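# Residue-level structure breakdown
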Amino acid sequence: LQNLSTYLLKLVFKRVCQSLFEKHKLLFVLHLAFRLQEVDRSQLKFLLTGGLILSTSQSANPAPDWLSEKAWGEIGRLAQYPKFKDLTAHVRGHVAEWMQIHN
């Protein structure tokens, strides 16, 4: 049953993507992913709107030359979710690698 479900999902995805304009494909993929993963509304809102920096009490930006204060604030806000709880520490500890991703 799981194999059939997976096959049908891939088939629907392929057929729908063939009929969409290129600019709409990403929106469809996001919609499908959220429906399948049952993403929390607060996480979806964060993804769609970005974070709001409510306070400046978090740690200092480890790379102010390429990482804006707004982006650092959003990383801090994202780290409030359990799956991303170590994100700020990871960015601080691997600045060079994150800079490569950024560029």
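This text follows the structure it describes.
Here is a short report on the structure shown in this document.

Scoring rules and cut-offs
- Residues numbered from 1 in each chain as written.
- Predicted model: local features only at pLDDT ≥ 70, side-chain atom pairs only at ≥ 80, totals over all residues.
- Heavy atoms only, no water.
- Helix = DSSP H or I, 4+ residues; strand = E, 2+ residues; numbered from the N terminus.
- Buried < 20%, exposed > 50% of the residue type's maximum accessible area, 1.4 Å probe, protein only.
- Contact = heavy atoms within 4.5 Å.
- Areas by Shrake-Rupley, 256 points an atom, 1.4 Å probe, with all protein chains shown as cover.
- Lys, Arg positive; Asp, Glu negative; His and termini not counted.
- Charge placed at Lys NZ, Arg CZ, Asp CG, Glu CD.
- Core = buried A, V, L, I, M, F, W, Y, C linked by side-chain atoms within 4.5 Å.
- Phe/Tyr/Trp six-rings, centres within 6.5 Å; stacked < 30°, edge-to-face > 60°.
- Axes fitted to C-alpha atoms, helices over the stretch in contact; angles between N-to-C directions.
- Parallel < 35°, antiparallel > 145°, perpendicular 65-115°, else oblique.
- Left-handed = near helix turned anticlockwise from the far one by under 90°.
- Nonpolar A, V, L, I, M, F, W, Y, C, P; charged D, E, K, R; others polar.

Now for the overall build of the chain. Scanning the chain for helices and strands turns up six helices and zero strands. Expressed along its principal axes, the backbone C-alpha trace of the chain runs to roughly 50 × 25 × 25 Å. In the chain, which comprises 103 residues, the share counted as buried stands at 19%. Partitioning the intrachain contacts of the chain with sequence separation of at least 6 by distance along the chain shows that 33% fall at a separation of at least 24. Accessible surface computed for the chain: about 8,500 Å², of which carbon and sulfur atoms make up 61%. Placing the 13 positive and 8 negative side-chain charges of the chain at their respective mean positions leaves the two points 12 Å apart.

Turning our eyes to something else, we now look at the nonpolar core. Among the nonpolar cores identified, the biggest contains eleven residues, and these are Phe46, Ala63, Trp66, Leu67, Trp72, Ile75, Leu78, Ala79, Tyr81, Leu87 and Val91. At the level of elements, α4 (69-78) and α5 (87-93) are the ones that each hand at least two residues to this core. Residue contributions to this core peak at three residues, all from α4. Sequence-distant contacts of Val91, defined by excluding residues within four places in its chain, comprise Pro62, Trp72, Ile75 and Trp98.

All chains considered together, the criterion is met by one aromatic pair. Ring geometry for Phe13 against Phe28: centres 6.0 Å apart, planes inclined by 20°, an arrangement best described as stacked. Pair noted here: Phe13 is in helix α1 (residues 2-19) and Phe28 is in helix α2 (residues 22-37), with a separation of 15 residues, a long-range link. Residue class for Phe13 comes out partly exposed when judged on its relative accessible area of 32%.

Before going further, it helps to spend a moment on the packing of α1 against α2. When two helices pack together, you describe them by how their axes are tilted relative to each other and by the distance separating the axes. Running from N to C, α1 and α2 cross one another at 160°; their axes reach a closest spacing of 11 Å. By the angle between their axes, α1 is roughly antiparallel relative to α2. As α1 runs across α2, the sense of the crossing is right-handed. Along the contact surface, α1 presents Leu9, Phe13, Val16 and Cys17, while α2 presents Lys25, Phe28, Val29, Leu32 and Leu36. Split by residue class, the contact of α1 with α2 holds eight nonpolar, no polar and one charged.

On to the environment of Phe34, then. In this structure, Phe34 sits in helix α2. We classify Phe34 as partly exposed; its relative accessible area is 21%. Spatially, the C-alpha atom of Phe34 lies 33 Å from that of Ala60, the residues being 26 residues apart in sequence. Those residues in contact with Phe34, other than ones at most four positions away along the chain, are Val39, Leu44 and Leu47.

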